[in-house]
Number of protein chains: 2
Amino acid sequence: MNGKISKSLSIENAKELLNSVDAFLFDCDGVIWKGEKLIDGVPQTLDLLRSHGKKLVFVTNNSTKSRKQYAKKFHSLGIPVNEDEIFSSSFAAAMYLKVNDFPREKKVYVIGEEGILEELKQAGFTALGGPADGKKNIELKSNCLFEHDKSVGAVIVGLDQYINFYKLQYGTLCIRENPGCLFIATNRDAVGHLTDLQEWPGAGCMVAAICGTTQKEPITVGKPSTFLMDFLLQKYNITTSRMCMVGDRLDTDILFGRNAGCRTLLVFSGVTNESTFQDLCKEVQPEYYTNSIADIVKVYYNSDTRSTSREVFSSMMTIANG
Amino acid sequence: MNGKISKSLSIENAKELLNSVDAFLFDCDGVIWKGEKLIDGVPQTLDLLRSHGKKLVFVTNNSTKSRKQYAKKFHSLGIPVNEDEIFSSSFAAAMYLKVNDFPREKKVYVIGEEGILEELKQAGFTALGGPADGKKNIELKSNCLFEHDKSVGAVIVGLDQYINFYKLQYGTLCIRENPGCLFIATNRDAVGHLTDLQEWPGAGCMVAAICGTTQKEPITVGKPSTFLMDFLLQKYNITTSRMCMVGDRLDTDILFGRNAGCRTLLVFSGVTNESTFQDLCKEVQPEYYTNSIADIVKVYYNSDTRSTSREVFSSMMTIANG
């Protein structure tokens, strides 16, 4: 299906998609919410999918929160989501170190926010930097050496609203001067909906800044890297062809889904709209596209005007669940 | 000469170089000084070259100062240099706008320091940003729109010790949302000797950050772009083959010299040392290399132990000035 022309989500293909998918993987920013605001119709969609036995997984590149903090956010928005249904890039960064046997005596320098620090702590690693370095200033003076910890063995870079020259120098020195120091990017999203009304610089901004000084490329653990998918597959006994990745970004979400062999659905409720999609979709094509995930419910309700919407949906879900 | 293997500066080739060069173009950071400290032997070298009629030009990618501020720095270090012998990337950025008839009613947003603002003012342009935005904080709130000036027609990005999320968002919005807005990089040096003892993130860091959010590439006006050279050539009636570019960086200084058809001399008194040179020199080869520009004087003084050093130098300069 990848490589073929994308199709708008219709009654027919929505039916087929439901029928052949056991798990829906949702991006969060621009799909579930924008900043602190839920996107219309999301709770109904998730409820219906869940009540019909579909597994739901939330895969977010936003590293500012930990899985625990994301679970709280979901609850505060009235959506019951379990911590282990969430796969954030902050979690992925900590898991990357764990999987690769990062030595416990080494430290991790963080250009990023609380989420990364919390996941590192949960995983038993010692972290430096992050919010604590957000107000540190540099004074450039002769005969003064800016010292950095030689036991830092990894620098993790994610979205950081408190990015400053101190952190840029600290991270750069670790990567350039500590032998074998890893350079890990939670993700490389150019921008993200940090507020409901507009986009803001994403982790791709901070990561590029460190690439600019170190002239090195990072290991990326978030979407579209398949690293997170390995965790999903360990946890859920589902083949990737029976998963559908739903996201608002072609270069992270849809590419992530395609790289893993998932079905893919692009929504226009986030950074991609119908007009930018026409320009961008040449390289990465989603299988389907629609305005928002609320359309999944709308499509069902309107599929047969002779039945009541609820009845139609139920009968479709019966088909879908075989 | 370019493309051939680089040679260490010796008595013979120094003689030939002097003989065939009318103007020396010097990079500053890592060649003349490191941070606020002069490199040993520099005043003597400059004095001797000047006293023998060589034109001296100082070409720096460091945009934090204006030409006027650089002239002051030279004087404070005991080196008499005229403002119009200095070609800084801050000046280049303002000149780029002038040459390209940037409309006077449009504004320029600056991610950078005082030097860029001063050069823009000198050239009659209206600037926003720079140090004034260095302490601005962002509060991410629902229903709040971060506003930017729609009359900004160019964003200039240079080295900025006070880089923050506010400036990154402001610059990004102008480039992404103001139709036709230019994205100008003063330069893209990864690091620079902002202090004598170590390197710090260079403009390449801030420029990469904006590339990361806008997914656009800038117009670069400093080295190695040939834009500055056009000004030099307008001013000095010398063919580029009779100029020698002296610098500490292969990817800016030496490339700049080579792009323009100048002779080139790499010095190890800045970011490149003998060992990194062996790794890096495959792509960009200088014609000659030596430890520091003080070697030019040393080579002359030691060229004939039977004469006094001063006499030897004088006779060599006579030949050189033919």
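Residues numbered from 1 in each chain as written. Chains lettered and ligands numbered in written order. Predicted model: local features only at pLDDT ≥ 70, side-chain atom pairs only at ≥ 80, totals over all residues. Heavy atoms only, no water.

Naming follows an unreviewed UniProt entry, where chain A appears as Phosphoglycolate phosphatase of Anisodus acutangulus. UniProt, in its Catalytic activity (unreviewed entry) section for chain A, records the words "2-phosphoglycolate + H2O = glycolate + phosphate". According to the UniProt record, the Sequence similarities (unreviewed entry) comment for chain A reads "Belongs to the HAD-like hydrolase superfamily. CbbY/CbbZ/Gph/YieH family." (UniProt positions renumbered as here; feature names shortened; annotations may be inferred.)

S.K.: It is not clear to me how the overall build of chain A should be interpreted in this structure. Could you clarify?
M.R.: The helix and strand tally for chain A stands at 12 helices and 16 strands. For 322 residues, the compact-globule formula gives about 20 Å, and the C-alpha radius of gyration of chain A, at 21 Å, lands near that figure. In terms of principal-axis extent, the alpha carbons of chain A reach across some 80 × 35 × 35 Å. Looking at the 322 residues of chain A, the share that counts as buried comes to 60%. Long-range pairs, those at least 24 residues apart, make up 69% of the contacts in chain A with a sequence separation of at least 6. When the accessible surface of chain A is summed, it comes to about 12,900 Å², and 49% of that surface belongs to carbon and sulfur atoms. Averaged over its 36 positive side-chain charges, chain A has a centre that lies 3 Å from the centre of its 38 negative ones. (Helix = DSSP H or I, 4+ residues; strand = E, 2+ residues; numbered from the N terminus. Rg over C-alpha atoms; globule rule 2.2 N^0.38 Å. Buried < 20%, exposed > 50% of the residue type's maximum accessible area, 1.4 Å probe, protein only. Contact = heavy atoms within 4.5 Å. Areas by Shrake-Rupley, 256 points an atom, 1.4 Å probe, with all protein chains shown as cover. Lys, Arg positive; Asp, Glu negative; His and termini not counted. Charge placed at Lys NZ, Arg CZ, Asp CG, Glu CD.)

S.K.: Help me understand the interface of chain A and chain B, please; the structure alone is not making it clear to me.
M.R.: Taken together, the contacts link 41 residues of chain A with 41 residues of chain B. Contact with chain B buries area across many residues of chain A, yet A:L140, A:F165 and A:W200 alone supply 18% of it, more than any other trio. Where chain A meets chain B, there are 2 salt bridges. Between A:E199 and B:R176 there is a salt bridge, with its nearest N and O atoms 3.0 Å apart. Between chain A and chain B we count 10 residue pairs in polar contact (both at pLDDT 80 or more) in total. No other element matches helix α7 (residues 203–214) of chain A, which puts 7 residues into the side of chain A that touches chain B. Split by residue class, the side of chain A that touches chain B holds 20 nonpolar, 13 polar and 8 charged. (Buried area = accessible area lost by both parts, 1.4 Å probe. Salt bridge = Lys/Arg side-chain N within 4 Å of Asp/Glu carboxyl O. Polar contact = N/O pair within 3.5 Å; in protein donor to acceptor, adjacent residues only side chain to side chain. Nonpolar A, V, L, I, M, F, W, Y, C, P; charged D, E, K, R; others polar.)

S.K.: I tried to follow the relation of the copies chain A and chain B on my own but got confused; where do I start?
M.R.: The relation between the two chain copies is a rotation about an axis coupled with a shift along that axis. Turning chain A through 180 degrees and shifting it by 0.0 Å along the axis lays it on chain B, with an RMSD of 0.0 Å. Such a combination of rotation and displacement between the chain copies is what one expects of a two-fold axis. Considering only C-alpha atoms, the residue of chain A closest to the rotation axis is A:A209, which sits at 2.3 Å. A symmetric contact is evident, with 100% of the interface residues of chain A recurring at the interface of chain B. (Least-squares fit on C-alpha atoms with pLDDT ≥ 70 in both.)

S.K.: I'm lost on helix α5 (residues 114–122) of chain B in this one. Help?
M.R.: Turn by turn, an α-helix covers 3.6 residues, leaving residues three or four places apart pointing in a common direction. Residues and elements named next belong to chain B. Restricting attention to buried positions, one finds in α5 the residues G115, I116, L117, E119 and L120. Along its buried surface, α5 packs onto α3 (67–76), β6 (86–88), α4 (89–99), β7 (107–111), β8 (126–129) and β9 (152–157). Positive backbone phi, at 90 degrees, marks G124, one or two positions downstream of α5.

S.K.: Any chance you could explain the UniProt feature "binding site: substrate" (unreviewed entry) in chain A here in plain terms?
M.R.: Residues and elements named next belong to chain A. Summarizing the sequence annotation, UniProt attributes the feature "binding site: substrate" (unreviewed entry) to K223 in the numbering used throughout. Following the sequence through the fold, K223 ends up in the loop between β13 (219–220) and α8 (227–235). Residue classification places K223 among the buried residues on the basis of a relative accessible area of 0%. In contact with K223, not counting residues within four places along its chain, are D27, V59, T60, N61, N187, M245, T252, D253 and F256.

S.K.: Help me understand the packing of aromatic side chains in this model?
M.R.: To describe a pair of aromatic rings, one takes the distance between the centres and the angle between the planes. A full pass over the atoms with the stated rule returns 34 aromatic pairs over all chains. Ring centres of A:F146 and B:W200 lie 5.4 Å apart, and the angle between their planes is 70 degrees; this geometry places the pair in the edge-to-face category. Within this pair, whereas A:F146 is found in the loop between β8 (126–129) and β9 (152–157), its partner B:W200 is found in strand β12 (residues 200–201), the two belonging to separate chains. Each of the two residues, A:F146 as well as B:W200, counts as buried. Grouped by ring-pair contacts, the aromatic residues A:F24, A:F26, A:W33, A:F58, A:Y70 and A:F74 constitute a single cluster. Its end group placed over the ring of A:F91, A:R67 keeps NZ or CZ at 3.7 Å from the ring centre. In this arrangement the basic side chain of B:K73 is found over the ring face of B:W33, its NZ or CZ atom lying 4.1 Å from the centre. (Phe/Tyr/Trp six-rings, centres within 6.5 Å; stacked < 30°, edge-to-face > 60°. Lys NZ or Arg CZ within 6 Å of the ring centre and 35° of its normal.)

S.K.: How should the sheet that holds β9(B) be read in this particular structure?
M.R.: Each strand in a sheet pairs with its neighbour through backbone hydrogen bonds, running either in the same direction (parallel) or in the opposite one (antiparallel). All names here are of chain B. What the 5 strands build is an open sheet, ordered β8-β7-β9-β10-β13; its pairing is parallel. Every other strand in the sheet has two partners, leaving β8 and β13 (219–220) as the edge strands with one partner each. Running at roughly 145 degrees to β7, helix α6 (residues 165–177) makes contact with β7, β8, β9 and β10 (182–185) of the sheet. Where helix α7 (residues 203–214) meets the sheet, its contacts fall on β7, β9 and β10, and the angle it forms with β10 comes to roughly 155 degrees. (Pairing = 2+ DSSP bridges. Axes fitted to C-alpha atoms, helices over the stretch in contact; angles between N-to-C directions.)

S.K.: Just to check I follow, could you spell out the sheet that holds strand β1 (residues 7–8) of chain A for this structure?
M.R.: All names here are of chain A. In space, the 7 strands of this open sheet follow the order β1-β16-β15-β14-β2-β5-β6, with parallel pairing throughout. One side of each edge strand has no neighbouring strand; the edge strands of this open sheet are β1 and β6 (86–88). Here strand β2 (residues 23–26) runs beside strand β14 (residues 243–247); their pairing, made up of 4 bridges, is parallel. For F26, the partnering residue across the bridge sits in β14 and is V246.

S.K.: Just to check I follow, could you spell out the pairing of β9(A) for this structure?
M.R.: The side chains of a regular strand alternate, residue by residue, between the two faces of the sheet. Residues and elements named next belong to chain A. Buried residues dominate β9, accounting for 6 of its 6 residues. Where strand β7 (residues 107–111) meets β9, 5 bridges bridge the pair, whose relative direction is parallel. In the strand pairing of β9, Y109 is matched with V155. The sheet contact formed by β9 and strand β10 (residues 182–185) spans 4 bridges and is parallel. Across the sheet, the residue bridging to V155 is F183, located in β10. The parallel pair β9 and β10 is bridged by helix α6 (residues 165–177), and the resulting crossover is right-handed. (Right-handed = clockwise from strand over helix to strand, strands pointing away.)

S.K.: Just to check I follow, could you spell out the pattern of salt bridges for this structure?
M.R.: Where side chains of opposite charge bring their charged atoms close, a pairing between them can arise. Scanning the entire structure with this criterion turns up 32 salt bridges over all chains. Across the salt bridge formed by B:D253 and B:K223, the nearest N and O atoms sit 2.6 Å from each other. Note that B:D253 is positioned in helix α9 (residues 250–260) and B:K223 in the loop between β13 and α8 (227–235), a separation of 30 residues in sequence. Each member of the pair, B:D253 as well as B:K223, carries the same accessibility label: buried. Among the ionic contacts, a cluster of salt bridges with common partners joins A:E16, A:R263 and A:E287.

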